[in-house]
Amino acid sequence: MDTALHFLTAARQCEINELQQLLRTSSFVRTLAEVIHALQKERGLSSIWLASQGSRAAQSLQAQRISSDQAIATVRDMLHTLDVSSLSGGQGARLCSDIAYVLQGIEALPALRQHVTQQRLSVNDSTQAYARLIAGLLAVVFEAADSATYPSISRLLVAMFHFMQGKELAGQERATGAAAFSAGRSDSERQQHWLHLIESQERCFQVFAECAPADLILEWNQLVVMGPDQITIERLRRIGCTAIASAPLPRDLSEVWFEACTHVMDGMHQIESKLAQTLVQECTAHLHSAQQALKQPAQLTQPSTEDVWPEFFAQASRHSWDAQLTTQFKASVLQVVQEQSQRLQTMRTELEAVRQALNERKVVERAKGMLMTQQNLSESQAHKLLRQTAMTQNRRIVDVAQSVLSMAELLNLRET
């Protein structure tokens, strides 16, 4: 059947299918957040264990590994029910590739733990190994955020991704500080990395504050501005980041540092969980609305061509679908089509604005990867180079990053 009513119903059904996929994705993101939180804590305790040469955090580390395994089991269960056939195009290919990478990391986790237990890894190597696994999990969240086409859902996913990324950087800072205090010393390289982690967190949380619901922004401000643990963290940051190279650090501060950071990260995890719940609720509400709208065309009658054509061309001549229809057409298919067209156009405009931060992040990360490969730089050094160039040239860092990528394409350089 080739009537407008038929295709309008099909359009509604496409919306419902997409929202159902978004709902499944949002539930998956919520589960991933639990795994990441568990692995972040395991990483921090591993740093204390290694830096103290096995004299600290043994029981806590063993208990945390059990908690991590329980969270991983939940993710595996969700993956078993994932309908791969519903994924298509480049987005689906990237998502499946990211999931495959994560599963490889999970399979390698027992070997990583054994190396940590036997103290056959340095603190830095252990931290980086956990960070790579967590980065893989965050990549899945990124693809989810990049695939959403509803502005309100996309906004929440963008907020979720940046908050989780900021929390991961906070977790890396917890491990870095714990290692420094447990070892009883720091050095200039570690201090520079420490400062880079602090700066990077602030950028992530700024995007979160631009996209998150007001109540969660308030809760976040209360945690990091007025929270007593944050005061302790700031004090210990000054000690660790300003100490003279190789000067002794009080070893007993490692537990104080780790406990304060953990309390803050636990508070962040509560915000993360509420944000994930809000995301699921938003998907559910949109899905219910779309399902109700699907019933509407069935109650309409297809008007005759003689009735419709004057109004159709009057609307088209104004290049707008906004004008009100006359009373006789208020219950027509044409009105529903016009309303849907306007709604989808509004969604596209809002979506473009919401996802700007996500797109800019993608450009900056690609440029950093290029510099790391071609110039043999660390991630913090690559970012510092982009930032300094942006300041010198009085440009935005994303514009400098785009210039790096454009030059790389001109010279046919390889990205990571």
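Given the structure is predicted, the values throughout are model-derived calculations rather than measurements.

Novice: In this structure, what is going on with the overall build of the protein? I would like to understand it.
Specialist: Broken down by element type, the protein carries 14 helices and 0 strands. Mapped from its N terminus to its C terminus, the protein presents α and β elements in the order α-α-α-α-α-α-α-α-α-α-α-α-α-α. Taken over 416 residues, the protein has a buried fraction of 46%. Excluding contacts between residues fewer than 6 apart, the proportion of contacts in the protein whose partners are at least 24 apart in sequence is 78%. As displayed, the protein offers around 20,800 Å² of accessible surface, 54% of which is attributable to carbon and sulfur atoms.

Novice: Would you mind going over the pattern of salt bridges with me for this structure?
Specialist: Between side chains of opposite charge, pairing is possible as soon as their charged atoms come close. Taken as a whole and assessed by the stated rule, the structure comprises 14 salt bridges. Residues Arg203 and Glu199 are paired through a salt bridge, measuring 3.7 Å at the closest nitrogen-oxygen approach. Of the two residues, Arg203 and Glu199 are both situated in helix 6 (residues 188-211); the distance of 4 residues between them amounts to about one turn of the helix. By relative accessible area, Glu199 is classed as partly exposed at 24%. Several salt bridges converge on common partners, so that one network encompasses Glu42, Asp69 and Arg113.

Novice: Help me understand the environment of Arg366, please; the structure alone is not making it clear to me.
Specialist: With respect to the helices, strands and loops of the structure, Arg366 is situated in helix 12 (residues 356-375). Residues Arg366 and Val404, spaced 38 residues apart in sequence, show a C-alpha to C-alpha distance of 9.3 Å.

Novice: Would you mind going over the nonpolar core with me for this structure?
Specialist: Soluble globular proteins tend to bury their nonpolar side chains together. Ranked by size, the top nonpolar core spans 89 residues in total, and within it Leu39, Ile153, Phe208, Trp220, Trp257 and Met268 carry the most contacts. Sorting elements by how many residues they give to this core places helix 1 (residues 4-51) first, with 16 residues. Among all residues touching Ile153, those that are not within four sequence positions of it are Leu19, Leu22, Ala148, Leu279, Glu282, Cys283 and His286. The next biggest cluster of nonpolar side chains, apart from the first, holds 11 residues, and it includes Val363, Val398, Val400 and Ala401.

Novice: Help me understand the packing of aromatic side chains in this model?
Specialist: Note on aromatic pairs: each is described by the distance of the centres and the angle between the planes. Taken as a whole and assessed by the stated rule, the structure comprises 9 aromatic pairs. With a centroid separation of 5.4 Å and 75° between ring planes, the pair formed by Trp194 and Trp257 is classed as edge-to-face. Here Trp257 lies in helix 9 (residues 253-295) and Trp194 lies in helix 6, a separation of 63 residues in the sequence. Across the pair, Trp257 and Trp194 agree in class, each one buried. In textbook terms, an aromatic cluster arises when at least three aromatic residues are bridged by ring pairs, as seen for Phe163, Phe205, Phe208 and Trp220.

Novice: What am I meant to see in empty space enclosed by the protein here?
Specialist: Where empty space is left can be seen by rolling a probe of water-molecule size over the atoms. Per the stated rule, a full pass over the model turns up 1 cavity of 30 Å³ or more. In terms of lining residues, the largest cavity is bounded by Phe28, Leu32, Val75, Leu79, Ile99, Val102, Leu103, Leu137 and Val140. When residues of the lining of the largest cavity are traced back to their parent elements, those giving at least two are helix 1, helix 2 (58-80), helix 3 (89-117) and helix 4 (123-147). In terms of residue count, the dominant contributor to the lining of the largest cavity is helix 3 (3 residues). Counted by class, the lining of the largest cavity contains 9 nonpolar, no polar and no charged residues.

Novice: Which parts of the structure should I look at to understand the side chain of His162?
Specialist: Tracing the backbone through its elements, the reader meets His162 in helix 5 (residues 151-183). Apart from residues lying up to four places away in sequence, His162 is in contact with Cys204, Val207, Phe208, Ala357, Leu358 and Arg361.

Novice: Explanation requested: unusual backbone geometry in the structure shown.
Specialist: Outside of glycine, negative phi angles account for most residues, and trans bonds account for most peptide bonds. A positive phi angle is found at Gln53, which is not glycine, with a value near 55°. Tracing the sequence through the fold places Gln53 in the loop between helix 1 and helix 2. In this model, Asn394 sits at a positive phi of 55°, which is unusual for a non-glycine residue. With respect to the helices, strands and loops of the structure, Asn394 is situated in the loop between helix 13 (379-393) and helix 14 (397-411).

Novice: Could you clarify how one ought to interpret the packing of helix 4 against helix 5 in this entry?
Specialist: Each packed pair of helices is defined by two parameters, the angle between the axes and the distance between the axes. Contact pair helix 4 / helix 5: the axes reach a minimum separation of 10 Å and the direction vectors enclose 175°. Here helix 5 runs roughly antiparallel to helix 4, going by the angle between their axes. For the pair formed by helix 4 and helix 5, the contact residues are Val123, Thr127, Ala131, Ile134, Leu138, Val141, Phe142, Ala144 and Ala145 on the first element and Ser154, Leu157, Val158, Phe161, Met164, Gln165, Glu168, Gln172, Ala175 and Ala179 on the second. For the contact of helix 4 with helix 5, the class distribution of residues is 14 nonpolar, 4 polar and 1 charged.

Novice: Any chance you could explain the packing of helix 5 against helix 9 here in plain terms?
Specialist: Across the interface, helix 5 lies against helix 9 with an axial gap of 10 Å and an inter-helix angle of 170°. With respect to their mutual orientation, helix 5 and helix 9 come out roughly antiparallel. For the crossing formed where helix 5 meets helix 9, the hand is left-handed. The class makeup of the residues in the contact of helix 5 with helix 9 is 21 nonpolar, 10 polar and 5 charged.

Novice: Is there a simple way to think about the side chain of Gln201 in this case?
Specialist: Following the sequence through the fold, Gln201 ends up in helix 6. According to the relative accessible area criterion, Gln201 is buried, its value standing at 7%. Non-local contacts of Gln201, meaning those with residues more than four positions away in its chain, are made with Gly166, Leu169, Ala170, Glu173 and Arg237.

Novice: What should I look at first to understand the confidence of the model for the protein in this one?
Specialist: Any residue range with low pLDDT should be treated as having predicted coordinates unsuitable for detailed reading. Scored by pLDDT, the protein has a mean of 81; 81% of the residues are at 70 or more. Looking across the protein, the model is least confident in helix 10 (residues 305-317), with a mean pLDDT of 50, and most confident in helix 2, with 93. Predicted confidence for residues 316-331 stays below pLDDT 50, and this span has 25 contacts to residues more than four positions away or in other chains.

What counts and what doesn't
- Residues numbered from 1 in each chain as written.
- Predicted model: local features only at pLDDT ≥ 70, side-chain atom pairs only at ≥ 80, totals over all residues.
- Heavy atoms only, no water.
- Helix = DSSP H or I, 4+ residues; strand = E, 2+ residues; numbered from the N terminus.
- Buried < 20%, exposed > 50% of the residue type's maximum accessible area, 1.4 Å probe, protein only.
- Contact = heavy atoms within 4.5 Å.
- Areas by Shrake-Rupley, 256 points an atom, 1.4 Å probe, with all protein chains shown as cover.
- Salt bridge = Lys/Arg side-chain N within 4 Å of Asp/Glu carboxyl O.
- Core = buried A, V, L, I, M, F, W, Y, C linked by side-chain atoms within 4.5 Å.
- Phe/Tyr/Trp six-rings, centres within 6.5 Å; stacked < 30°, edge-to-face > 60°.
- 1 Å grid on protein atoms, 1.4 Å probe; cavity = no way out; pocket = protein on both sides within 12 Å on 5 of 7 lines; lining within 4 Å.
- Points joined across faces, edges and corners; volume = space filled by probe spheres on them.
- Nonpolar A, V, L, I, M, F, W, Y, C, P; charged D, E, K, R; others polar.
- Axes fitted to C-alpha atoms, helices over the stretch in contact; angles between N-to-C directions.
- Parallel < 35°, antiparallel > 145°, perpendicular 65-115°, else oblique.
- Left-handed = near helix turned anticlockwise from the far one by under 90°.
- pLDDT = per-residue confidence, 0-100.

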